[in-house]
Amino acid sequence: MLNGTRTKYDQYTQQIGKLNGVTDPSRTFTVAPAVAQTLRAKLQASSDFLSRINIIPVVAQEGDKVGVGVKGTIASRTDTRTKDRAPRYPGDLTESTYRCEKTDFDTLIRYETLDAWAHQPNFQPLIRDAIVNAKAMDIITIGFNGVSVALTTDPVANPLLQDVNKGWLQHIREDSPERHMAGAALKKEVRDATTGRVTTPGAIYVGPGTVGTEVDYVNLDALVFDGIELLHENYREDTDLVVIVGRELVHDKYFKIVNAAGDRATEQLARDVLLSDKKIGGLQAVRVPKFPKNALLITTLANLSVYEQIGTERRKIEDNAKRDQIENYESVNHAYVVEDSGKAALIEAIVMGKKPAA
């Protein structure tokens, strides 16, 4: 690290310590509440998708979901001369709880990268944004691909962070199987003894052909129309429903990057939500990073949340001369929550084309 870079890096760590009320940020410390709130805002601003869902601070590691859906009716009338009025809960009292799990977001930046940034007047924001952007993408990746909570994760065996935490799709599979069509994992192909046709149990075949024998649905519109029926009846006509689609289901030409006006680099980075020029099954089609390539999710973006447990934000910044890099160690307790399970339907294992013939 160059001497000028060292001076700027020391100023950066001193500022981190000052903001959090600690003298030595190279020792593990609890992030100050005001700083944690600012970082949550920066995290959402770094991604168009994260800005459209909820990142909610919660006090308890486990508890009831924060969001309340409207599954029942509340309008009534009571003759109070004979009985008391009885208020009713508009949501579902059987909704599952959440549990925040500790997640490490540890990053490194090489000395040569810091040296390249040192001449920039925004040296400190460059370091912060590099860390925030990496964290944002990992949160999205876990949300759509996480299936388990391992004591020690394996990024080689699970490159999509499948073992870091249970994401939104896994909660639908486990907590709301009635709103889940097809299996997430394809089973071994089998050959029909009568027709000789080879099929994959659990897969959904979509395309031109005879429904039942050659395909399951003639197009994605028909599949989405059917998928809407998996939602609770109170939500099937909601105008804010969207269908998040995998990248192998709809051609790239039907999507465009949509975001508010702005050409600064940070604003360009936030543009990770792709909206289709065409609707699918009457719903706005959306594509977001790291979503499974052969799946559909019907829901509202506001129905997806990340809970962050207050007071669990830990951090340490270390200068590792043995590796010619600085290392940022962060951890926080997160939960991925589908606020109202009745407003989410997951369809997986979609194959575009006819069932394989013998």
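Note that the structure is a prediction, hence the values are computed from the model and not measured.

1. A closer look at the packing of helix 1 (residues 3–20) against helix 5 (residues 123–145)
The geometry of helix 1 relative to helix 5 is characterised by a closest axis approach of 9 Å and an angle of 65° between their N-to-C directions. In the packing of helix 1 onto helix 5, the handedness of the crossing is right-handed. Here Lys8, Tyr9, Gln11, Tyr12 and Gln15 of helix 1 come into contact with helix 5, specifically with Phe123, Gln124, Ile127 and Ile131. Considering only residue class, the contact of helix 1 with helix 5 consists of five nonpolar, three polar and one charged.

2. A look at unusual backbone geometry
Despite not being glycine, Leu161 shows a phi value in the positive range, around 60°. Structurally, Leu161 is set in the loop between helix 5 and helix 6 (168–175). Of note in the backbone geometry, Ala349 takes a positive phi value of approximately 55° without being a glycine. Along the chain, Ala349 falls in the loop between strand 19 (345–347) and strand 20 (350–352).

3. Brief notes about the packing of aromatic side chains
To describe a pair of aromatic rings, you give the distance between the ring centres and the angle between the ring planes. Considering all chains together, one arrives at seven aromatic pairs under this definition. Ring centres of Phe144 and Phe291 lie 5.1 Å apart, and the angle between their planes is 85°; this geometry places the pair in the edge-to-face category. Within this pair, whereas Phe144 is found in helix 5, its partner Phe291 is found in the loop between strand 14 (283–287) and strand 15 (296–299), the two being separated by 147 residues in sequence. Grouping residues by exposure puts Phe144 and Phe291 together as buried. Put simply, the rings of Phe49, Phe144, Trp168, Phe291 and Tyr336 pair up and form one aromatic cluster. The side chain of Lys135 reaches across the aromatic face of Phe105, ending 5.2 Å from its centre.

4. What about the pattern of salt bridges?
On inspection of all chains with the given rule, the structure shows 20 salt bridges. Asp129 is the salt-bridge partner of Arg128, the closest N and O atoms lying 3.0 Å from each other. Here Glu348 makes a salt bridge to Arg173, at a shortest N to O gap of 2.8 Å. Of this pair, Glu348 sits in the loop between strand 19 and strand 20 while Arg173 sits in helix 6, and the two are 175 residues apart along the sequence. On the basis of relative accessibility, which here comes to 18%, the residue Arg173 falls in the buried class. Here the salt bridges share partners, and the residues they tie into one network are Arg40, Glu308 and Glu313.

5. Let's talk about the side chain of Asn145
By secondary structure assignment, the location of Asn145 is in helix 5. Only 2.9 Å separates the side chain of Asn145 from the backbone oxygen of Thr141, close enough to count as a polar contact. Among the polar contacts listed, one links the side chain of Asn145 to the backbone oxygen of Lys290, at a separation of 2.9 Å. The residues touching Asn145, leaving out its near neighbours within four places in the chain, are Leu160, Gln162, Lys290 and Pro292.

6. Remarks on the confidence of the model for the chain
Counting all residues, the mean pLDDT for the chain is 86, and 85% of those residues have values of 70 or more. Segment residues 183–190: pLDDT under 50, and 19 contacts once partners within four positions in sequence are set aside and those in other chains are kept.

7. Thoughts on the nonpolar core
Judged by nonpolar contacts, the single largest core of 34 residues is most densely connected at Phe49, Phe144, Trp168 and Ile244. Secondary-structure elements contributing two or more residues to this core are helix 3 (48–52), helix 5, helix 6, strand 11 (242–245), strand 16 (304–309) and strand 18 (325–338). If you tally residues by element for this core, the top one is helix 5, at six residues. Once residues within four sequence positions are removed from consideration, Ile244 is found in contact with Phe144, Val286, Val288, Phe291, Ala295, Leu296, Leu297 and Leu301. Counting residues in each nonpolar core, the second largest holds 25 residues, with Val206, Tyr217, Leu274 and Ala285 among its members.

8. As for the pairing of strand 18
Of all 14 residues that make up strand 18, 13 are buried, and the element is covered over most of its length. For strand 6 (residues 107–110) and strand 18, the ladder comprises four bridges, and the chain directions are antiparallel. What sits directly across from Ile109, in strand 18, is Ile326. Note: strand 16 against strand 18, five bridges, orientation antiparallel. Bridge assignment links Tyr307 to a residue of strand 18, and that residue is Ala335. Judged from the seven bridges that link them, strand 17 (residues 314–320) and strand 18 form a sheet pairing that is antiparallel. Within strand 18, the position partnered with Asn320 by the bridge is Gln325. Where strand 17 hands over to strand 18, the hairpin turn is made up of four residues, of which Asp324 adopts a positive phi near 55°.

9. Concerning the pairing of strand 11
Side-chain alternation along strand 11 places Val242 and Ile244 on one buried face and Val243 and Val245 on a second face that is also buried. Where strand 11 meets strand 14, three bridges bridge the pair, whose relative direction is parallel. By the bridge assignment for strand 14, Val242 is matched with Gln284. Here strand 11 runs beside strand 15; their pairing, made up of four bridges, is antiparallel. Note that in strand 15 the partner of Ile244 across the bridge is Leu297.

Rules of the game
Residues numbered from 1 in each chain as written. Predicted model: local features only at pLDDT ≥ 70, side-chain atom pairs only at ≥ 80, totals over all residues. Heavy atoms only, no water. Axes fitted to C-alpha atoms, helices over the stretch in contact; angles between N-to-C directions. Helix = DSSP H or I, 4+ residues; strand = E, 2+ residues; numbered from the N terminus. Left-handed = near helix turned anticlockwise from the far one by under 90°. Contact = heavy atoms within 4.5 Å. Nonpolar A, V, L, I, M, F, W, Y, C, P; charged D, E, K, R; others polar. Phe/Tyr/Trp six-rings, centres within 6.5 Å; stacked < 30°, edge-to-face > 60°. Buried < 20%, exposed > 50% of the residue type's maximum accessible area, 1.4 Å probe, protein only. Lys NZ or Arg CZ within 6 Å of the ring centre and 35° of its normal. Salt bridge = Lys/Arg side-chain N within 4 Å of Asp/Glu carboxyl O. Polar contact = N/O pair within 3.5 Å; in protein donor to acceptor, adjacent residues only side chain to side chain. pLDDT = per-residue confidence, 0-100. Core = buried A, V, L, I, M, F, W, Y, C linked by side-chain atoms within 4.5 Å. Pairing = 2+ DSSP bridges.

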